[in-house]
Every structure is written in C-alpha cells, then in structure tokens.
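# Breakdown of the fold
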Amino acid sequence: MCANIQRLNPLQPLSREDGRDDSQLPSQSQPQPAYPTNGVSYPTQNGSSNGAGSGPDNGIFAAPSGPRPEDIPGFPFPDATELAQSSPSVTTITGAMNTVVTGQQANGQTNPNIQPLQTARQTAPTPSLPGTTGPMQQRPPAGNPPRPPYAAYNNNGVDNWQNSYIDPLETLFPEPRSLAETGINQGLIADLVIKAMYFTSYMSGQDISSVLRLPYYGILDQIIMLMKKEQLCEVSGTSGLGEAGYQYVLTIKGMERAHQVLERSSYVGACPVPLGRYIETLKVLTSNKPTIFRDMVESALRGMIISEDLTNAVGAAVNAGKSLFLFGSPGNGKTLLAERIATMLGGNMAIPYSIEADGQIIQMFDLNSHRPVSHGGTGEMDSTRAELADRRWVRVHRPVVVVGGELTMSSLDLVYNENSGFYEAPFQLKANGGLFLIDDFGRQQVSPQALLNRWIVPLEKGIDYLTLKTGKKLQVPFELFLVLSTNLSPEDLIDDAFLRRIQNKLSVPDPTPQQFLDIFVGQCKTMGIPFDQGAFNYLIKKHYIEQKRPFRASQPRDLLRQLIGIARYRNVALEMTPQLLDSACATYFVNTKK
C-alpha cells in the first residue's frame, strides 16, 4: 500500500549526508518528524497523535492510523433493521410476460415519488394454453428478510479504494521478497530457471521473472548468482536497465544440467506453492460460509422456469449442507440447475498455478474449471490479468467442475504423466471452494457403490487422501459442494445407507403445461421467432396430446433450433407454422406415430 518505500539493512550503519554524528541528532525530548508527514497524524504510545510517531513503537516504519468513526460520512451508522426498513427494494415478478414494479417499501407502503414501471409487453395479448382461460400465472413477489450488514456484500474483485476498502485477497497473498518467503527449496527454483533458459535460449532476468511468477530482486537474482558461480550460465548481453535487463544463456555445463533436470520433470511455468500454504489458505477462504437468501436464489436461477417449491428447496439445500442428489427425467435442467448453484455461493477465491508436495509438482490451475477474474471484476481468459500480488496465485470465480460418463476411479486420484514428469490435480481438488458435479450418475464405467464409497470419508470428515507414485499419502482438504445428478431411479442405484450420507435429495419434475408455455414463449423471444398461439396449439394437440408425450424443459429450445435450420434450408420466412413444426418434430422425436 505504501509504494516506493526503500528497505533498510539493519546490519548496515546509516550514512549522514550532512556529516553530523549521532550526538548532533535531536534528543527524544524534542520529537521531530522521522519523514514528511504530509498532514497525516500518527498515534503515539499513549493513544494521542502527533506528526512524527514519537512513541517507542513508532518511527519511520509506523503505520498511519485509520480514520476515526466520526470522520467517516454517515456516522453514527444505522443498524441493519433501520437499513432494511428505510432502503427501497426492487421486486421482479418472473414469468413469460414480465411486469417490473419499483418503489415498493419493506413495510408494504409505496413511495409516492417513484412511479411504477410497466413494460410494453403488458399491452400485448397474453398467450394461453389450449382449453384454458385467463392469462398465464405469474409468480407473486417474495419478501426479503432483513440482512446482516455484510450479507449483501459480494466480493467480486471490484476496486473500492474510494470506499476505503482493502481487498482481503490482496492481503492474504503478499509478494514474496526472499527465498524463505516462497516456501520452496532453492534447488527446485534453480531447476525451473534452468529449464526456462533451456527452452528459450537467451532470457533476461525480467523474462525469467515473468515465467516463474517470482520477483527478480531478492529471489531470482540470488539463484542466478549461484548459477554463475557454478558456471551454469553467463551474461550474453543486455536488453534493459539494471540487472533485471541482463540477458543470460546456459553454458555447456548448464546444458548438461538441464538434460538431467528434464529427465525428472519437464514442468516449466509458475513456481509452485507449498501444499501446507495451500491448505491454510483454503481454510481461510472457506471458513466463513455465506448465508443464501431468497433473492440470491432467484437471481441465480433467473431465466429458469421452475416451481416455487423447487426454488425454495434449492436455496434450503445450499444453506443446509455440502451434498445434493438431483434426480428426474432427462432434459428438465438438472445440469443447468447444478451449475447455477455455484453462482449462489458468491464471491471469488484464489487458486495457485501449481502445488509442491514432497518435492513433486501438482498442476492445479485449469481454464476448463477456473474462470479468472481481472482487477475490474470482469472475467478474462488471460490469467496474468487476474494474478494477485503473489503472482503464483490467480483470482477466479468459484470453481465449477463437471464430469459425466467418462469419470473413472483413477481420475479421482493424482494423475501422473510419465512423459512430462509431474502430476495433474484430480477433479475434486480443482473444485475445492466451489462445486463438483457428477452428471449422469450411474452411467460411469465404475459402479455407483464404488463411487459413493470413494466419497464416504471426504463427505463426513472434510478430508481427502491422494497418493503419489512413491506410495506416500497426501492429506488434502475436501471443501466443496458435491452434486450428483441422474436420470435413473435412485432406488435402482444405491441403497438407503448411501442415500443417508447425501444430505439433500431433490426431484426435478417435468414442467407443467403452463411452465412449458412460459419456456416456449421465452425461447421464441430469445431466437427472434414471432410467437403464434394457433401454431402452438397445433403443436400441443398433434405432437403431445395425441402422442401422449410428456413435456420436457429442453424441448422448446431444441424444436425451435430445428425449425430455424429447416426454414433456412427451404429459404422461407422464419415463422411458427404447422408445416415447419411438423418437420421439426419429425427430425427431433424418435418413434413418432404416423
């Protein structure tokens, strides 16, 4: 936070530019500013303040005191109850035809200064199902209970310096300034430097720093100095100012050392983080589980047409435990529902590029499972823009790891690559702090009982065990939300003893006729197809009622995609017509009765 502060060597005496000795310095009875205060007040030992920090615990390294409560605008602060009663809330009624109402107060009164907003769609005729009367049912607004002051806060990485907010992730991951602060043996760092120089030939000190994600001064300069003493590298030129701009190249002896190092491991990249440091950090990041409120659930499930009961059950399940079993017919949104649960967890966390355990490197960061978050709070595929002060760590959204029928027992342990010589983290380790979804549960190459046996200890103890190729067991945390999703009957997969260990069991039913209409209207709007009530009635009567076919939540999207493809091929207008709907159903459904 205090930039450009020069470090002082306590073993080196201070030099006086004015030639004075210590006897000419002011006495302690005449306090003088240790450095320009610029009007900042520093506390003394007895609690008073002056311009220099005169107490024995102060001096040039004394931290300035924070603002007093009475200096902050809005002091004294109202409590949570007053805030909930005085601040307006916005209630959104979801459904196919949305009506947005603003200005509704928590106590049921309306603010006369705020006018209700009405969408233009209210004037359009409301679609209805064949044989029904009246408009489509709309979900009533749900009241939000008063929250604690910090419950509404979402740590999304936005810069809030203007609000005197310090990002907790930045304080957890300061930049290492010495070899000891990295927690990694200097021999391992030297091996990484040798491999980086071997593959790149000429490299400056700054280039090596960018590859290893370590500062040059204080760490890499010490490594390179030792390498030069051992005649493993030499300076070949310069590409910038200072020692960091020197270009280095491996000598013949250094090339021989590189071949030996590459035989053990070909990993080149960010310097790993010690396993112990990762465990301690994950405990801090997952120790304070946020409470899930009703509006958080509705925000996460926005766009999904599901029942009120299922919405409440999902919110209660996320609050209650660490595991969830979803079952029901295919195509009703179980996978999408599980992925939305990860957004309810809220906030961001940090993932290291790799972990070091017992001298072995385990690669952790994976763009398939981790979405980086840049300093502005937006997602970027470039992880370098999301790195913290310790560049070995990357700020990411809550991880979401999804596996299906390809899951095997071996993929749930450390995966060692014989060619590369380092490990790949298993799925559950990458999902720590987020959500791990096993989709199509029961269709894996391994039996459901064997998979559940694998999760008994982690679910109950919060600890998982991984095995190195040497046979050594590593104890790692199991801090995630486990979701099992299946289209099969739960009774056919596992017995009651295993179901008991899964805290929450939810059935995702087929959509009702009204929900099916809501989904169809919403998909028409998304794809730019004018909704036609008559054509929809024709579709329901011929292809559902006569065929005794159940509704599925994914069918409106799939049928309309078929319709678009057929209309483009025939070079006709993109409309809901009986002819196009018949053609779409003929190519989508199987065993359609003629």
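Residue numbers here run from 1 along each chain, matching the order of that chain's written sequence. At least 70 in pLDDT is required for a residue's local features to be given in this predicted model, at least 80 for side-chain atom pairs to be given and counted, and no such filter applies to totals for whole chains, interfaces and linings, which use all residues. In computing side-chain properties, one takes all heavy atoms of the structure into account and sets aside hydrogens as well as water.

### What about the environment of glycine 183?
Helical segments are the DSSP runs of H or I of at least four residues, strand segments are the runs of E of at least two, and each set is numbered from the N terminus. Along the polypeptide, glycine 183 turns up in the loop between α3 (179-182) and α4 (186-200). For the pair glycine 183 and arginine 277, spaced 94 residues apart in the sequence, the C-alpha separation amounts to 8.3 Å.

### Looking at the packing of α4 against helix α6 (residues 216-229)
Interaxial angles span 0 to 180 degrees and are taken between N-to-C directions of axes, which are lines fitted to C-alpha atoms, for helices over the stretch in contact. One can describe the packing of α4 onto α6 by two numbers: an axis separation of 10 Å at closest approach and a directional angle of 75 degrees. Considered as vectors, α4 and α6 are oriented roughly perpendicular to each other. Within the contact between the two elements, α4 uses Gln186, Ile189, Ala190, Val193, Ile194 and Met197 and α6 uses Leu220, Ile223, Leu226 and Met227. Each residue gets one label: Ala, Val, Leu, Ile, Met, Phe, Trp, Tyr, Cys and Pro are nonpolar, Asp, Glu, Lys and Arg are charged, and the others, such as Gly, are polar. Its residues placed into classes, the contact of α4 with α6 shows 9 nonpolar, 1 polar and no charged. Note on angle classes: values under 35 degrees are labelled roughly parallel, values over 145 roughly antiparallel, values of 65 to 115 roughly perpendicular, and the remainder oblique. Here, two residues are considered to be in contact whenever any of their heavy atoms come within 4.5 Å of each other.

### Re the nonpolar core
Grouping buried Ala, Val, Leu, Ile, Met, Phe, Trp, Tyr and Cys residues that are joined through side-chain atoms within 4.5 Å yields what is termed a nonpolar core. Type-normalised accessible area, obtained with a 1.4 Å probe on protein chains alone, sets the label of each residue: buried when under 20%, exposed when over 50%, and partly exposed for intermediate values. With 61 residues, the main nonpolar core has Met197, Met227 and Tyr278 as its most contacted residues. Examining the composition of this core, we find that 8 residues originate from one element, α4, more than from any other. Apart from residues no more than four positions distant in its own chain, methionine 197 is found in contact with Met203, Ile208, Met227, Cys233, Tyr248, Val249 and Leu250. Among the nonpolar cores identified, the runner-up in size contains 25 residues, and Leu517, Phe520, Ile540 and Ala584 belong to it.

### Looking at the pattern of salt bridges
Definition used for salt bridges: Asp or Glu carboxyl oxygen within 4 Å of a side-chain nitrogen of Lys or Arg. As enumerated under the stated definition, the model contains 15 salt bridges in all. Across the salt bridge formed by arginine 395 and glutamate 170, the nearest N and O atoms sit 3.7 Å from each other. Taken together, the residues arginine 395 in strand β13 (residues 393-397) and glutamate 170 in helix α2 (residues 168-172) connect sequence positions 225 residues apart. By relative accessible area, which is 28% here, glutamate 170 ends up partly exposed. Ionic contacts of the salt-bridge type, sharing partners, join the residues Arg294, Glu298 and Glu308 into one network.

### Structural notes on the confidence of the model for the protein chain
Note: pLDDT gives the predictor's confidence per residue, expressed from 0 to 100. Averaged over every residue, the pLDDT of the protein chain is 76; residues scoring 70 or more account for 70%. The model gives residues 72-124 a pLDDT under 50, and that stretch makes 54 contacts with residues more than four places away or in other chains. Taken together, the stretch residues 131-164 has pLDDT below 50 and engages in 63 contacts with residues farther than four places along the chain or on a different chain.

### Some details on the sheet that holds strand β11 (residues 354-357)
Neighbouring strands of a sheet are bound in pairs by backbone hydrogen bonds; such pairs are parallel or else antiparallel. Note on pairing: DSSP must find at least two bridges between two strands before they are called paired. With mixed pairing, 5 strands are arranged side by side in an open sheet as β8-β11-β12-β16-β15. The sheet is open, and its two edges are formed by β8 (273-274) and β15 (415-416), each paired on a single side.

### Examining empty space enclosed by the protein
Space inside and on the surface of the protein is sampled on a 1 Å grid over the protein atoms alone, with a cavity defined as a set of points where a 1.4 Å probe fits but cannot get out and a pocket as an open set with protein on both sides within 12 Å along at least 5 of 7 lines; lining residues have an atom within 4 Å of a point. Grid points are joined across faces, edges and corners, and a volume is the space filled by probe spheres set on the points. Taken as a whole and assessed by the stated rule, the structure comprises 1 cavity of 30 Å³ or more. Taken as a whole, the largest cavity holds about 30 Å³ of empty space. Together, Leu452, Trp455, Ile456, Leu459, Phe498, Arg501 and Ile502 line the largest cavity. Broken down by secondary-structure element, the contributors of at least two residues to the lining of the largest cavity are α13 (448-461) and α15 (496-501). At 4 residues, the largest contribution of residues to the lining of the largest cavity is made by α13. For the lining of the largest cavity, the class distribution of residues is 6 nonpolar, no polar and 1 charged.

### Considerations on unusual backbone geometry
Despite not being glycine, serine 201 shows a phi value in the positive range, around 70 degrees. Along the chain, serine 201 falls in the loop between α4 and β5 (203-204). The class for serine 201 is partly exposed, based on a relative accessible area of 32%. Phi angles above zero are rare outside glycine, and asparagine 571 is one such case at about 55 degrees. Looking at the element boundaries, asparagine 571 is found in the loop between α18 (555-570) and α19 (578-588).

### Regarding the side chain of serine 265
Structurally, the position occupied by serine 265 is in the loop between α7 (252-264) and β8. Apart from the residues within four sequence positions on either side, serine 265 is in contact with Lys195, Ser420, Gly421 and Phe422.

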